[in-house]
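A structural walkthrough
Each chain, letter by letter, is given below.
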Amino acid sequence: RTKSEKIFEDISRIGRIIDHVRAFSRDHDEYINSLFAINDSIKNAISMISEQFKHHSIHLTFQSDKKMLPVIGNTYRFEQVILNLLSNSKDAVEEKMKVSKSNYQKSIVVRTWHDTTSNYIEVSDNGVGIKSEDLHRIIHPFYTTKEVGKGTGLGLSISYGIIKELNGNIEIRSDQSSGTTFIITLPLPDKKGKKAQNIS
């Protein structure tokens, strides 16, 4: 009975993921920008890669601020950013595993918080890190530090463009001994002087 329940839970989860991938894959030009909940968007992105991360023994944690305020934009394009950052972090911890001792735990943490002016999204890993001389070039199109055949050099550039469309910014902090942290800053949509409604 327990196994049967687990099978039906997995079927339901697969169905939700397929539905979401269909929506994610559409031409997003047809979508009008609207208020969306950042935490929900991140959860949707994580749901698409969580099983893959488990298979690779990557410990993925989401620490969410339950009082995050909504932002105006396209939720699917924002999810693309989160997926790109998680993909980069996955490659970074896999590379670290190759040169680390057997007790190394591959870890990625996604965290959200806010203040009176902005929402913040942090994707942090304990992977190989980025060399200081590469930090200012890593967002440039077609620039990649990955081995040949593993990266196009477009993921971060596309992500940076999407965040700029949201009037936000991406900051990169990295150390080759402790890993890399990407911090996204998104301003609150308060242009009309109205206080945004809380969305957890």
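Read on for an overview of the structure. (Residues numbered from 1 in each chain as written. Predicted model: local features only at pLDDT ≥ 70, side-chain atom pairs only at ≥ 80, totals over all residues. Heavy atoms only, no water.)

This part takes up the nonpolar core. Residues I38, F78, L86, I184 and L186 are the most contacted members of the largest nonpolar core, which totals 32 residues. Secondary-structure elements contributing two or more residues to this core are helix 2 (38-55), helix 3 (75-99), strand 4 (107-114), strand 5 (118-125), helix 5 (155-165), strand 6 (169-175) and strand 7 (179-187). With seven residues, the single largest contributor to this core is helix 3. The contacts of L186, once residues within four sequence positions are left out, are I38, V71, F78, S118, N119, I121, I163, L166 and G168. (Core = buried A, V, L, I, M, F, W, Y, C linked by side-chain atoms within 4.5 Å. Buried < 20%, exposed > 50% of the residue type's maximum accessible area, 1.4 Å probe, protein only. Helix = DSSP H or I, 4+ residues; strand = E, 2+ residues; numbered from the N terminus. Contact = heavy atoms within 4.5 Å.)

Moving on, we get to the environment of S89. Residue position: S89 is located in helix 3. What makes S89 buried here is its relative accessible area of 0%. In this structure the C-alpha to C-alpha distance between S89 and G129, which are 40 residues apart in sequence, comes to 9.2 Å.

All right, on to the pairing of strand 5 then. Most of strand 5 sits out of view: eight of its eight residues are buried. Here strand 5 shows a buried face lined by S118, Y120, E122 and S124 and a second buried face lined by N119, I121, V123 and D125. The sheet contact formed by strand 4 and strand 5 spans seven bridges and is antiparallel. Within strand 5, the residue paired with H114 across the bridge is N119. Where strand 4 hands over to strand 5, the hairpin turn is made up of three residues, counted between the paired strands. Here strand 5 pairs with strand 7 via eight bridges, running antiparallel. By the bridge assignment for strand 7, N119 is matched with L186. (Pairing = 2+ DSSP bridges.)

Applying the stated criterion across every chain, the model contains two aromatic pairs. Ring plane angle 45 degrees and centroid distance 5.6 Å describe the contact between F36 and F78, whose orientation is recorded as tilted. Taken together, the positions of F36 in strand 1 (residues 34-36) and F78 in helix 3 put the pair 42 residues apart, joining distant regions of the chain. With a centroid separation of 5.2 Å and an interplanar angle of 15 degrees, the aromatic rings of W113 and Y120 are classed as stacked. Here Y120 falls in the buried class, since its relative accessible area comes to 16%. Taking the ring centre of W113 as reference, the NZ or CZ of R111 above it sits at 4.1 Å. (Phe/Tyr/Trp six-rings, centres within 6.5 Å; stacked < 30°, edge-to-face > 60°. Lys NZ or Arg CZ within 6 Å of the ring centre and 35° of its normal.)

We now examine unusual backbone geometry. A positive phi angle, close to 55 degrees, is found at S57, a residue other than glycine. Summarising the element assignment, S57 is placed in the loop between helix 2 and strand 2 (59-63). Here N167, not a glycine, exhibits a phi torsion of approximately 65 degrees, which is positive. Examined against the element boundaries, N167 turns out to sit in the loop between helix 5 and strand 6. Among the residues examined, N167 registers a relative accessible area of 53% and is labelled exposed.

This next bit is on the packing of helix 2 against helix 3. Relative to each other, helix 2 and helix 3 sit at 40 degrees, their axes nearing to 9 Å. As judged from the angle between their axes, helix 2 and helix 3 are oblique. Handedness of the crossing formed by helix 2 with helix 3: right-handed. Residues I38, S41, I42, N44, A45, I46, M48, I49, Q52 and F53 of helix 2 touch helix 3, and the partners they reach there are T75, F78, E79, I82, L83, L86 and K90. Among the residues forming the contact of helix 2 with helix 3, the class breakdown is eleven nonpolar, four polar and two charged. (Axes fitted to C-alpha atoms, helices over the stretch in contact; angles between N-to-C directions. Parallel < 35°, antiparallel > 145°, perpendicular 65-115°, else oblique. Left-handed = near helix turned anticlockwise from the far one by under 90°. Nonpolar A, V, L, I, M, F, W, Y, C, P; charged D, E, K, R; others polar.)

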